Amino acid sequence: MPTRFTALGALTLLLASVGPALAQERVGLRAVDSRGALSERAPRAGKQVAVVVHGINPDHGDLDPLCRDLAARGYTVVRFVYDDSERLHRSAARLRSALAQLQRTWGPQKLRVVAHSMGGLVARRALTEDPLPSPPESPEAAQGKVNALQGPLTLVTVASPFGGFPSANFSRLDFGLGRAVYRDLGSTSKFIRKPGQLAPGVTHVKVETQEKGKSLASGASDESVLQKSQSQATVDANARLVYRIDRGHVGSVNQSGKLPGEVRGILTRTFSGRLPAKPVAAPAEPRRNSGGLIGGLGRRR
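Quick summary incoming for the structure in this document.

Cut-offs and rules
Residues numbered from 1 in each chain as written. Predicted model: local features only at pLDDT ≥ 70, side-chain atom pairs only at ≥ 80, totals over all residues. Heavy atoms only, no water. Helix = DSSP H or I, 4+ residues; strand = E, 2+ residues; numbered from the N terminus. Buried < 20%, exposed > 50% of the residue type's maximum accessible area, 1.4 Å probe, protein only. Contact = heavy atoms within 4.5 Å. Areas by Shrake-Rupley, 256 points an atom, 1.4 Å probe, with all protein chains shown as cover. Axes fitted to C-alpha atoms, helices over the stretch in contact; angles between N-to-C directions. Parallel < 35°, antiparallel > 145°, perpendicular 65-115°, else oblique. Left-handed = near helix turned anticlockwise from the far one by under 90°. Nonpolar A, V, L, I, M, F, W, Y, C, P; charged D, E, K, R; others polar. Salt bridge = Lys/Arg side-chain N within 4 Å of Asp/Glu carboxyl O. Polar contact = N/O pair within 3.5 Å; in protein donor to acceptor, adjacent residues only side chain to side chain. Core = buried A, V, L, I, M, F, W, Y, C linked by side-chain atoms within 4.5 Å. Phe/Tyr/Trp six-rings, centres within 6.5 Å; stacked < 30°, edge-to-face > 60°. Lys NZ or Arg CZ within 6 Å of the ring centre and 35° of its normal.

So, on to the overall build of the chain. Of the regular secondary structure elements, the chain holds nine helices and nine strands. Burial status across the chain gives 54% buried among its 301 residues. Taking the contacts inside the chain whose residues are at least 6 apart along the sequence as the reference set, 76% of them involve residues at least 24 apart. Accessible area for the chain stands at about 13,200 Å²; split by element, carbon and sulfur atoms hold 54% of it.

Put into structure tokens, the structure is as follows:
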């Protein structure tokens, strides 16, 4: 999510929001090749499936290390590509429809969803009890049915702005000319304030990033979503675990072409079912606070 939403980013947001939207790629579930990159071939069925969801203004190469790691674990990896200029509940509806269709056709024994940045907002809303409009191209819409997901499902989100951005609240001043998605990213938007309750059978493991002062290898800032924008009371209360890692935004999923060890460890514990049943004292493990289980991998603030 390269767009930086900070106090000084309000004017930048307004200027960007009235510019032309980027050309969109083909949306829906997409296969990946041996490098973890997007492929044009059709996804192949698998009994253990991991769906990877990107953020806003995606550089899809940022998620290649994550896809390679998931494939090495034995998962059939597919990416969900969506129009990142569209309202978030519409993208969530498309994802819910795609996951429901995947469950019906492949019948996976294990289904994991791993989402980065704004993709976490899309993925979590898709896995709530909230009614969502069926995409017009889906069979459910034609039949007047509601997409129904079957648990258990596991959701891991990394560096996702569940608390929204105060600067994005200014998007209402774009007179309808800007990207519709910005209206959902404001800290006072309905999408942020009312995130919904997770559906039964969904386990959410939330990874927050301490991005302040972080840089990419190129020297450019890797500070896109401050920690306070990653916290939201309902989301945190619903989450099974919340970790905090000392990484930048892109660096949380791609550190010099590799998935950072902290995130690899979190995925290993989550997918193996070795999540703590109660608080433990080790500083690198989750512990309880008033908003659920908060963990620290790296320095806590």
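Attention now goes to the packing of helix H3 (residues 88–106) against helix H4 (residues 118–126). A pair of packed helices is captured by two measures, namely the crossing angle of their axes and the spacing between those axes. At a closest axis distance of 8 Å, the pairing of H3 and H4 adopts a crossing angle of 60°. Judged on the interaxial angle alone, H4 and H3 are oblique. Helix-helix and strand crossings are classified by hand; for H3 and H4 the assignment is right-handed. Along the contact surface, H3 presents Leu88, Ser91, Ala92, Leu95 and Arg96, while H4 presents Met118, Leu121, Val122, Ala123, Arg125 and Ala126. The residue inventory of the contact of H3 with H4, partitioned by class, reads eight nonpolar, one polar and two charged.

The phi torsion at Ser117 lies on the positive side, around 55°, for a residue other than glycine. Relative to the helices and strands, Ser117 is located in the loop between strand S4 (110–116) and H4. We classify Ser117 as buried; its relative accessible area is 0%. Of note in this structure, Ala159 is not a glycine but carries a positive phi near 55°. Inspection of the secondary structure assignment puts Ala159 in the loop between strand S5 (153–158) and helix H6 (182–185).

A few words on the pattern of salt bridges. Applying the stated criterion across every chain, the model contains 11 salt bridges. Residue Asp69 is joined to Arg73 by a salt bridge in which the shortest nitrogen-to-oxygen separation is 2.6 Å. Note on Asp69: relative accessible area 10%, which makes it buried. On the basis of relative accessible area, Arg73 is assigned to the partly exposed category, the value being 26%. Here the residues in one salt-bridge network are Lys206, Glu208, Asp236 and Arg244, joined through shared partners.

What follows deals with the environment of Ser272. Its place among the elements puts Ser272 in helix H9 (residues 261–272). A distance of 3.2 Å separates a polar atom in the side chain of Ser272 from the backbone oxygen of Arg269.

All right, on to the nonpolar core then. Counting residues in hydrophobic clusters, the biggest one holds 39 residues, and the most contacted among them are Val51, Val53, Leu88, Leu95 and Leu185. Residue assignment for this core shows that the elements contributing at least two residues are strand S2 (48–53), strand S3 (76–81), H3, S4, H4, S5, H6 and helix H7 (190–193). The dominant element in this core, judged by the number of residues it contributes, is H3, at eight residues. Contact partners of Val51, with chain neighbours within four places excluded, come to Leu29, Val78, Phe80, Leu99, Leu102, Leu111, Arg112, Val113 and Val114. Grouped together as the second largest cluster of nonpolar side chains are 25 residues, Ala50, Val114, Val205 and Leu259 included.

Applying the stated criterion across every chain, the model contains two aromatic pairs. Seen in terms of ring centroids, Tyr75 and Phe271 are 5.4 Å apart; in terms of plane orientation they differ by 55°. Their pairing is tilted. Of this pair, Tyr75 sits in the loop between helix H2 (64–72) and S3 while Phe271 sits in helix H9, and the two are 196 residues apart along the sequence. Neither residue differs from the other here; Tyr75 and Phe271 are each classed as buried. When the ring of Phe80 is compared with that of Tyr82, the centres are 5.8 Å apart and the planes differ by 15°; the resulting orientation is stacked. The ring of Phe191 carries Arg125 above its face, with NZ or CZ at 4.0 Å from the centroid.

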